[in-house]
Amino acid sequence: MLVFGVVGTCHGNSLTNNYYKHTCPAAETIIKNATEKSVAKNPALPAKFLRMHFHDCFVRGCDGSVLLNSTANNTAEKDAIPNLTLSGFDVIDNIKAELEKKCPNVVSCADILALVARDAVSYEYRRPLWEVYTGRRDGRVSRSAEALANLPSPFSNFSTLQQNFANQNLTVHDLVVLSGGHTIGVGHCNTFSNRLYNFTGRGDQDPSLNATYAAFLKTQCRNLSDSTTTVPMDPGSALKFDANYYVTVKQHKGLFQSDATLLTNQLSNHIVQQLTDPNKFLPEFALSMKKMGAIGVLTGNAGEIRKKCYVVN
């Protein structure tokens, strides 16, 4: 199995380990403590922060642009349809406010989000599951149209997903590994109910979906238009970050079309099978997350350090 752990660079500078060692030594501890306190109160947050980090990195790179609010003249990424179900922004804002008191104008929102995602998911293990290099700066541009164009869709087939990831210099291996993030969290009915009620536009069911599981999903999602009901993405293990996602995919119980399609390609199917082994999943996820966290980063004099994560300075 090929793995890649290369950290990307931008503007001639690279991310580094413990970037704030001298400028704000307590930064990572402050972020970790605040994140763990929030997760202890709300166990759904790890999935939310992991998804937020993913959605940030796939649009203009990991630059914190998903955190920006829309303005009178611009609809930001946050308000694009795929991001309307994101939440947890208040936690990021509170952590930023605490860091501004301790070390004004030093720690970027992009780094905060990358660290929060790691610390939230790692909480149940009581150890960091992947390494986060820091030194990102914040982007000034956030456009909803770019989120629509760049974020992988739950309705995607394999070739579309492969292209989405290739656009970010991520491989098929990264695609399958990062799909493992679906081992925690929930999906809204309207992101998969077409597989239950109207798969080909003829009122039919997706034949690749496990029939028993489909019957259960129909008891949860009563119709195509239900956009409020949610269902665990990894049934029976929705709050535990583990390799069970790949087991469910192999059983044809992947919730989204984008999950099921991993079995339609010989290479990705092979990787799915390998990752059912929990001893392989976690180290592979660590490598792919480190790679994803370096997509299009702004470093050096590029971008800015925002005082508040939701507004450009």
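Residues numbered from 1 in each chain as written. Predicted model: local features only at pLDDT ≥ 70, side-chain atom pairs only at ≥ 80, totals over all residues. Heavy atoms only, no water.

**A few points about the pattern of salt bridges**
Right, on to step 1. Considering all chains together, one arrives at 11 salt bridges under this definition.
Right, on to step 2. A salt bridge links aspartate 174 to lysine 291, with the nearest nitrogen and oxygen atoms 2.9 Å apart. On the criterion of sequence distance, the pair formed by aspartate 174 in helix H7 (residues 172-179) and lysine 291 in helix H13 (residues 278-292) is long-range, its members being 117 residues apart. Per residue, the accessibility class of aspartate 174 equals that of lysine 291, and both read buried.
Right, on to step 3. Overlapping salt bridges, with partners in common, bring together Arg60, Arg143 and Glu146 in one network. (Salt bridge = Lys/Arg side-chain N within 4 Å of Asp/Glu carboxyl O. Helix = DSSP H or I, 4+ residues; strand = E, 2+ residues; numbered from the N terminus. Buried < 20%, exposed > 50% of the residue type's maximum accessible area, 1.4 Å probe, protein only.)

**Some thoughts on the environment of phenylalanine 285**
Right, on to step 1. You can see phenylalanine 285 is positioned in helix H13.
Right, on to step 2. Taking the C-alpha atoms as reference points, phenylalanine 285 and leucine 275, separated by 10 residues in sequence, lie 9.7 Å from one another.
Right, on to step 3. Setting aside its immediate chain neighbours within four residues, phenylalanine 285 contacts Leu50, Trp130, Val177, Leu178, Gly181 and Phe241. (Contact = heavy atoms within 4.5 Å.)

**Remarks on the state of the cysteines**
Right, on to step 1. One pass over the structure, following the stated rule, counts four disulfides.
Right, on to step 2. Bridging cysteine 24 to cysteine 103, the disulfide has an S-S length of 2.0 Å. Torsion about the S-S bond of the cysteine 24 and cysteine 103 cystine: about 75°, corresponding to right-handed handedness. Of this pair, cysteine 24 sits in the loop between strand S2 (13-14) and helix H1 (27-41) while cysteine 103 sits in the loop between helix H3 (89-102) and helix H4 (109-122), and the two are 79 residues apart along the sequence. There is no split in this pair, since cysteine 24 and cysteine 103 are both buried. (Disulfide = S-S within 2.5 Å.)

**A few points about helix H6 (residues 158-166)**
Right, on to step 1. Taken residue by residue, H6 has Phe158, Leu161, Asn164 and Phe165 as its buried positions. Burial along H6 is one-sided: seen end-on, the buried residues are contained in an arc of 125°.
Right, on to step 2. Close packing links the buried residues of H6 with helix H2 (45-57), helix H5 (144-150), H7, helix H11 (257-260) and helix H12 (266-275). (Arc of directions from axis to C-beta.)

**Side note on the confidence of the model for the chain**
Right, on to step 1. Taken as a whole, the chain shows an average pLDDT of 94; of its residues, 96% reach a score of 70 or greater.
Right, on to step 2. Low pLDDT, under 50, characterises residues 1-12; the stretch is placed with 28 contacts to residues that sit more than four places away or in other chains. (pLDDT = per-residue confidence, 0-100.)

**Some details on a nonpolar patch on the surface**
Right, on to step 1. Side chains of Ile81, Leu84 and Leu148 sit close together on the surface and give an oily, nonpolar patch of about 340 Å² of accessible area.
Right, on to step 2. Exposure remark for leucine 148: the relative accessible area of 52% places this residue in the exposed category. (Patch = residues over 30% accessible without salt bridge, like charges linked within 9 Å, V, L, I, M, F, W, Y side chains within 5 Å. Areas by Shrake-Rupley, 256 points an atom, 1.4 Å probe, with all protein chains shown as cover.)

**What about the UniProt feature "domain: Plant heme peroxidase family profile" (unreviewed entry) in the chain?**
Right, on to step 1. This chain's UniProt record puts "domain: Plant heme peroxidase family profile" (unreviewed entry) on residues 14-313.
Right, on to step 2. Along residues 14-313 one finds 43% helix and 2% strand; the C-alpha atoms at either end are 24 Å apart. (UniProt positions renumbered as here; feature names shortened; annotations may be inferred.)

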